[in-house]
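An overview of the molecular structure
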Amino acid sequence: MTVHLEVSEGIGTLRLDRPPMNALNVAVQDRIKELAEEAGRREDVRAVILYGGEKVFAAGADIKEMRDMDHAAMVVRARALQESFTAVARIPKPVVAAVTGYALGGGCELALCADYRIAADNAKLGQPEILLGLIPGAGGTQRLSRLIGPSRAKDLIFTGRQVRAEEALSLGLVDRVVPAAEVYEEARAWAARLVRGPALALRAAKESVDAGLETDIGTGLTVERNWFAGLFATEDRERGMRSFVEEGPGKAKFL
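Attention here is on the structure that accompanies the text. Each chain has its residues counted from 1, running along the sequence as written. A pLDDT threshold of at least 70 governs which residues receive local features in this predicted model, and a stricter bar of 80 or more applies before side-chain atom pairs are shown or counted, although totals over entire chains, interfaces and linings include all residues. Values reported for side chains reflect all heavy atoms of the structure, with hydrogen atoms and water molecules removed beforehand.

**Concerning the pattern of salt bridges**
Salt bridge, as used here, is a side-chain nitrogen of Lys or Arg placed within 4 Å of a carboxyl oxygen of Asp or Glu. According to the stated counting rule, one finds 14 salt bridges in the structure shown. Notably, a salt bridge pairs Arg18 with Asp62, separated by 3.1 Å at the nearest N-O pair. Placement of Arg18 in the loop between β2 (11-16) and α1 (26-41) and of Asp62 in the loop between β3 (47-51) and α2 (63-67) is noted, with a sequence separation of 44 residues between them. Salt-bridge contacts for Arg161 lead to Glu167; the nearest nitrogen and oxygen are separated by 2.7 Å. Take Arg161: its relative accessible area is 28%, and that puts it in the partly exposed class. When a residue's accessible area, from a 1.4 Å probe over protein chains only, is under 20% of the maximum for its type it is buried; when over 50% it is exposed; and in between it is partly exposed. Classification of Glu167 by relative accessible area gives partly exposed; the value is 30%. Shared partners join several salt bridges into a network, and the residues in it are Glu38, Arg42 and Asp44. The helix count covers DSSP runs of H or I at least four residues long, the strand count covers runs of E at least two residues long, and both are numbered beginning at the N terminus.

**Topic: the packing of α1 against helix α3 (residues 71-89)**
With axes taken as lines fitted to C-alpha atoms, and helix axes fitted only over the stretch in contact, angles between N-to-C directions fall between 0 and 180 degrees. Relative to each other, α1 and α3 sit at 35°, their axes nearing to 8 Å. Here α1 runs over α3; the crossing is left-handed. For the pair α1 and α3, contact is made by Val26, Gln29, Asp30, Ile32, Lys33, Ala36 and Glu37 and by Arg77, Leu81, Glu83, Ser84, Ala87 and Val88, respectively. Counted by class, the contact of α1 with α3 contains 6 nonpolar, 2 polar and 5 charged residues. Throughout, a crossing is termed right-handed when the near helix is turned clockwise from the far one, and left-handed when it is turned anticlockwise from it by less than a right angle. Whether two residues are in contact is decided by their heavy atoms: any pair within 4.5 Å suffices. Each residue is assigned to one class: nonpolar for Ala, Val, Leu, Ile, Met, Phe, Trp, Tyr, Cys and Pro, charged for Asp, Glu, Lys and Arg, and polar for all the others, Gly among them.

**Some remarks on the state of the cysteines**
In this description, a disulfide is simply a cysteine sulfur pair whose atoms lie within 2.5 Å. For the coordinates displayed, the defined rule picks out 0 disulfides. Looking at the unpaired Cys108, the closest cysteine sulfur is the one in Cys113, lying at 10 Å. Classification of Cys108 as buried rests on a relative accessible area of 2%. By relative accessible area, which is 3% here, Cys113 ends up buried.

In structure tokens, the structure reads:
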């Protein structure tokens, strides 16, 4: 298989495995969607790590495969491409990208689907599609501009330039930079903290933030209000508040 879902201690690692560069061909795209949906359904998965291995996250689309597609073929494929990445973005659990080496084009767009990004100090990220006479097609024009702002996103998209980890951190494209040998373990540590948290409240928080970014503030506040009130019907809310009153903050143990 070109993509694996490995589950351990509540953490599901969605691992790209198509050496040497994890090029995102059609088979990889379809498998990403399948496993993202599986991770979302599985009760033994409480958080997800996106990972391409020690050397490279994903160097982008399979250009040789794309070159053989005409307009009619891409009209059909473009929707499936976006849907595969959107399936990752909509995993109703915390998702962290552990980025090593290259994360270019579709690789960068895949990292954008995570809630948090930890980059190795050797990482290089970018949207080089313009150098092929194209634009990002897996969400890059939308997710990148929402994450780092339109002018910074346009600079990366217009020029196609690659940015090293430290610049990516300054842009807000990644959230932390660590030595390459530590990036996966740091991602596991981030995910492990949330595995022990209240699953439904984490889902509510993620969906409220994401929905709010896609609509006006009034609608976003309605989404937040409905989730907030709904959580009062959960055992986790009862457990959390009881622990706070009896033991103090931060000591609740959730199922």
